[in-house]
Amino acid sequence: MKFRRIEENARVFPGEYILHVPSQTIVVVGAFKRGEGTIKALKSGKLIEDKIENFHKIELNAKERHVRQVKRNCGGCKGR
């Protein structure tokens, strides 16, 4: 897993997981406001708002992405 700064042309979407550098925790993006230069995010059940410079995007390689992939259904109904 690698972390990279959020550049000028980078896109950040609500629901995306990113790293909050000052607290070293992974947070969920709530709102990305490029005009104001801030990101609102959920951290440990609380809403925080901080400068874009204090966040980093998370990059996973193909192997890590495959390990973290979540199945959407249990597969119990396939045989019916």
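Above: the structure in question.
Below: a short report on this structure.

Rules behind the numbers
- Residues numbered from 1 in each chain as written.
- Predicted model: local features only at pLDDT ≥ 70, side-chain atom pairs only at ≥ 80, totals over all residues.
- Heavy atoms only, no water.
- Salt bridge = Lys/Arg side-chain N within 4 Å of Asp/Glu carboxyl O.
- Helix = DSSP H or I, 4+ residues; strand = E, 2+ residues; numbered from the N terminus.
- Buried < 20%, exposed > 50% of the residue type's maximum accessible area, 1.4 Å probe, protein only.
- Patch = residues over 30% accessible without salt bridge, like charges linked within 9 Å, V, L, I, M, F, W, Y side chains within 5 Å.
- Areas by Shrake-Rupley, 256 points an atom, 1.4 Å probe, with all protein chains shown as cover.
- Pairing = 2+ DSSP bridges.
- Axes fitted to C-alpha atoms, helices over the stretch in contact; angles between N-to-C directions.

## Considering the pattern of salt bridges
- On inspection of all chains with the given rule, the structure shows three salt bridges.
- As a salt-bridge pair, Arg4 and Glu59 come within 2.3 Å of each other at their nearest N and O atoms. With Arg4 in strand E1 (residues 2–5) and Glu59 in strand E6 (residues 55–59), this residue pair connects regions lying 55 residues apart in the sequence.
- Judged by relative accessible area, which is 34%, Arg4 ranks as partly exposed.
- Taking the relative accessible area as the measure of exposure, Glu59 reaches 32% and is therefore partly exposed.
- Of the charged contacts in the structure, one is a salt bridge between Lys33 and Glu36, with a shortest N-O distance of 3.9 Å.
- Judged by relative accessible area, Glu36 falls into the exposed class, the value being 56%.

## A look at a nonpolar patch on the surface
- Side chains of Met1, Phe3, Tyr17 and Ile26 sit close together on the surface and give an oily, nonpolar patch of about 420 Å² of accessible area.
- Inspection of the secondary structure puts Met1 in the segment before E1.
- The partly exposed category is assigned to Met1, whose relative accessible area is 44%.

## So, the sheet that holds strand E5 (residues 46–51)
- In spatial order, the strands read E1-E6-E2-E3-E4-E5; together these six strands make up an open sheet with antiparallel pairing. Two strands lie at the open edges of the sheet, namely E1 and E5, each paired on one side alone. Sheet twist, expressed as the mean angle between neighbouring strand axes with direction ignored, is 45°.
- Looking at chain direction, strand E2 (residues 17–20) and E6 are connected through three bridges and run antiparallel.

## A look at the pairing of E2
- The pairing of E2 with strand E3 (residues 25–33) spans four bridges and is antiparallel. Bridge pairing in E3 places Ile18 opposite Val27.
- In this structure, the hairpin formed by E2 and E3 is closed by a connection of four residues, where Gln24 is found at a positive phi of approximately 55°.

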